[in-house]
Amino acid sequence: EDKPKKRTKPKASLLDEQEDSDDEDGEGGKLSKKRRKMTSRMSVAELKTLVKRPDVVEVWDTTASDPALLVYLKAYRNTVTVPKHWSSKRKYMAGKRGVEKPPFKLPDFIEATGIAKIRQAIMEKQADMSFKQRSRERVHPKMGKLDIDYQVLHDAFFKYASKPKLTRHNDLYYEGKEYETKMLTKRPGQLSAALKEALGMEEGAPPPWLINMQRYGPPPAYPNLKIPGLNAPIPQGAEYGYHPGGWGKPPVDEFGNPLYGDWKADQAPTPSAPEDITLWGEVDDFEEEDDEEEADGDRADGAATPMLGTATPLVGTGSATPVVGGGVHSISGVSSITSGMDTPGSGSRSKKGGIASVS
């Protein structure tokens, strides 16, 4: 007699039923649809060799219908990534269930108006009221309890208000983000006071990794980083050596040249160039020079001017002009002087190179 067949377990979904049918087909020597899909799927290493940005490739990217297109879209500029908790078995924010939420705190610019103190005083006053007073206050409330000067409110919101911290593009929140160290304020090679205290470093002492850097070289991620004792001068007052507080010995080659940077040249003081104190665009004072030239010209004209009672030569002749009375007259009766001279008297006088006649 044929034994009764066992009752098969009901399928959870049509997808499971389809997979079972594919497996049953595969038992007859034919590959199932699932097997064909697995064999045609490329590996993660192959996908990384095909794309330009292999750093964005993840394990599950090979299960996409077009893995190359998916990686191209993930590497595209300004692409927002899928949140990391999409594949997590836990519920989102389940880890913050037992964390106590801090109470809400007013911003500093609103707290400066004093509204919190006024509100606290009103609440204390209401707590001391009887039930009858509270019910009367509820029916006929008094207005204007929280009156604050308009100028104080205006300054609070338009003068002292600060913008809230906003996230940047593609900066998504994930569980535990607020507990991470903010690395934007950190700079390589600069030790904070908290780190020096944690390492037990005294003032002017070298970092504990300096000896290893002198032996193996600077970190590969920062080949041009200036590190005192390796490729930069040590602080003033410090000494080289392997004694406590010593800065080791800078690495040199067989010829005595520094390996990672000319720390000797950096240590030599640079001669300071003489400072040029000439103001740019300064206008030269030409008026004073013109006044000096005019004064020199006046002195020269006065020296060449004949005085009364002296002989004045005529132009073109070698004869002398006799002095008659209070003026100078020529023999022909026409008053004349040589060019470039001023004749004293009541007549007009030229400044430079003029001819003046005696009235």
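Calculation rules
- Residues numbered from 1 in each chain as written.
- Predicted model: local features only at pLDDT ≥ 70, side-chain atom pairs only at ≥ 80, totals over all residues.
- Heavy atoms only, no water.
- pLDDT = per-residue confidence, 0-100.
- Contact = heavy atoms within 4.5 Å.
- Core = buried A, V, L, I, M, F, W, Y, C linked by side-chain atoms within 4.5 Å.
- Buried < 20%, exposed > 50% of the residue type's maximum accessible area, 1.4 Å probe, protein only.
- Patch = residues over 30% accessible without salt bridge, like charges linked within 9 Å, V, L, I, M, F, W, Y side chains within 5 Å.
- Areas by Shrake-Rupley, 256 points an atom, 1.4 Å probe, with all protein chains shown as cover.
- Salt bridge = Lys/Arg side-chain N within 4 Å of Asp/Glu carboxyl O.
- Lys, Arg positive; Asp, Glu negative; His and termini not counted.
- Charge placed at Lys NZ, Arg CZ, Asp CG, Glu CD.
- Helix = DSSP H or I, 4+ residues; strand = E, 2+ residues; numbered from the N terminus.
- Phe/Tyr/Trp six-rings, centres within 6.5 Å; stacked < 30°, edge-to-face > 60°.
- Lys NZ or Arg CZ within 6 Å of the ring centre and 35° of its normal.

1. Notes on the confidence of the model for the chain
Looking at the chain as a whole, its pLDDT mean stands at 75, while 65% of the residues score no less than 70. Below a pLDDT of 50 lies the segment residues 11–15, which in the model reaches 2 contacts outside its immediate sequence neighbourhood of four places, other chains included.

2. Here's the deal with the nonpolar core
Within the largest apolar cluster, 6 residues are counted, these being Leu-210, Met-213, Ile-227, Leu-230, Ile-234 and Trp-247. For Ile-227, the residues in contact, after removing those within four places along its chain, are Leu-210, Met-213, Pro-218, Pro-219 and Ala-232. In terms of nonpolar packing, the next biggest core, distinct from the first, is built from 5 residues, Leu-47, Val-51, Val-56 and Val-57 among them.

3. Comments concerning a positive patch on the surface
Among the surface-exposed residues, Lys-30, Lys-33, Arg-36 and Lys-37 lie close enough to one another that they form a single positively charged patch. Among the secondary structure elements, Lys-33 is positioned in helix H2 (residues 33–40).

4. Regarding the pattern of salt bridges
According to the stated counting rule, one finds 6 salt bridges in the structure shown. The closest approach of N and O atoms between Lys-74 and Glu-58, which form a salt bridge, is 2.9 Å. A residue pair is termed long-range when its members are at least 10 positions apart, and Lys-74 in helix H4 (residues 67–74) and Glu-58 in the loop between helix H3 (44–50) and H4 qualify at 16 residues. A salt bridge links Asp-61 to Lys-74; its shortest N-O distance comes to 2.9 Å.

5. Brief notes about the packing of aromatic side chains
All chains considered together, the criterion is met by 3 aromatic pairs. An angle of 90° between the planes, with centres 5.4 Å apart, marks the rings of Trp-60 and Trp-86 as edge-to-face. Separated by 26 residues along the polypeptide, Trp-60 in the loop between H3 and H4 and Trp-86 in the loop between H4 and helix H5 (108–111) bring together distant segments of the chain. Given a relative accessible area of 38%, Trp-60 falls into the partly exposed group. The ring of Tyr-174 has Lys-84 lying over it, and the distance from NZ or CZ to the ring centre is 5.8 Å.

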